[in-house]
Amino acid sequence: EQCREDGAKSMGLVKNSRPLLLAAKSVGLGFWRYDFATQKVFFSDEARFLYGLADPHALPDLESVVDCYCEADRAKVGRAIEGALQGEPNVEVRAAVPVKSGTRHVQTRFCRETGDDGTPLALVAPTLDVTNYEAAIRSYRHAALHDSLTGLPNRTMFHDHLRSILDGGAEGVALILLDLDHFK
């Protein structure tokens, strides 16, 4: 009798999770999970896509997961994972992942999964594709700091750059201003 009830609950869970899985896929959300007991990593289908992984058994350990990221971001991702493993709540990181089509940008939040008694069971990492968002930010930043006609840096960028130089305590900095009347 108990098995039948558990089976019915499982079927209900599967049926109810389909819309959730479809919604997650439509927004580019996947996850991976590192099981503390087995020390193995499981990737959802969408996470495999986000990380450009074809082989379902390609990532046996956490070190291999860190290696999925661009070299420039590996230390940052490693620190985030280490923080989550040490118990920091909801550690989040944005990083680049090399894929066949170029570079994909992902945002990952690392959370510890615990049992009913509070025992840590796994590290769960929901991962969202933010590639289009990052491209839009770069485009907006470029538009804000460059002349739209010439593409040259504008006055705002000049002021920001000068401020960073002066605030950085640079020595031997000289600024020359030329005022040309009637220059065309």
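Here the residue index of a chain counts from 1 through its sequence in written order. A pLDDT threshold of at least 70 governs which residues receive local features in this predicted model, and a stricter bar of 80 or more applies before side-chain atom pairs are shown or counted, although totals over entire chains, interfaces and linings include all residues. Water and hydrogen atoms play no part in the side-chain values, which are based on all heavy atoms of the structure.

S.K.: Got a minute to help me understand the environment of D73 in this structure?
M.R.: Secondary structure counts use DSSP, requiring at least four H or I residues in a row for a helix and at least two E residues in a row for a strand, with both numbered from the N terminus. For D73, the location among the structural elements is in helix α4 (residues 71-85). Sequence separation between D73 and V93 is 20 residues; the distance between their C-alpha atoms is 9.5 Å. Residues in contact with D73, not counting those within four places in the same chain, are A95 and A96. Residue contacts are counted whenever heavy atoms from the two residues lie within 4.5 Å of one another.

S.K.: Help me out: how do you make sense of the nonpolar core in this one?
M.R.: For soluble globular proteins, nonpolar side chains are generally found buried alongside one another. Throughout this description, the term nonpolar core refers to a set of buried Ala, Val, Leu, Ile, Met, Phe, Trp, Tyr and Cys residues connected via side-chain atoms within 4.5 Å. Remark: exposure states derive from per-residue accessible area (1.4 Å probe, protein chains only) relative to the maximum for the residue type, with buried under 20%, exposed over 50%, and partly exposed in between. Counting residues in each nonpolar core, the largest one holds 26 residues, and the members touching the most others are W32, F43, Y51, Y69, V77, I81 and F110. Mapped onto this core, the elements with two or more residues apiece are β1 (29-35), β2 (40-43), α2 (45-51), α3 (62-66), α4, β3 (91-99), β4 (102-114) and β5 (120-129). In contact with V77, not counting residues within four places along its chain, are V66, Y69, V93, A95 and F110.

S.K.: Honestly, the packing of aromatic side chains in this entry has me stumped. Any pointers?
M.R.: Note on aromatic contacts: the rings of Phe and Tyr and the six-membered ring of Trp form a pair at centre separations within 6.5 Å, being stacked when their planes are under 30 degrees apart, edge-to-face when over 60 apart, and tilted otherwise. Counting across every chain of the model gives six aromatic pairs. Between the aromatic rings of W32 and F110, the centroid separation amounts to 5.9 Å while the plane-to-plane angle is 65°, which identifies the pairing as edge-to-face. Of this pair, W32 sits in strand β1 while F110 sits in strand β4, and the two are 78 residues apart along the sequence. A single burial state applies to W32 and to F110, both of which are buried. Note on Y34 and F36: the rings are 5.9 Å apart at their centroids and 75° apart in plane angle, and the pair reads as edge-to-face. Members of the aromatic cluster, each reached through a chain of ring pairs, are W32, F43, Y51, Y69 and F110. Our definition puts a charge over a ring when NZ of Lys or CZ of Arg is within 6 Å of the ring centre and also within 35 degrees of the ring normal. A cation over an aromatic ring shows up here: R104 above the ring of F49, its NZ or CZ 4.6 Å from the ring centre.

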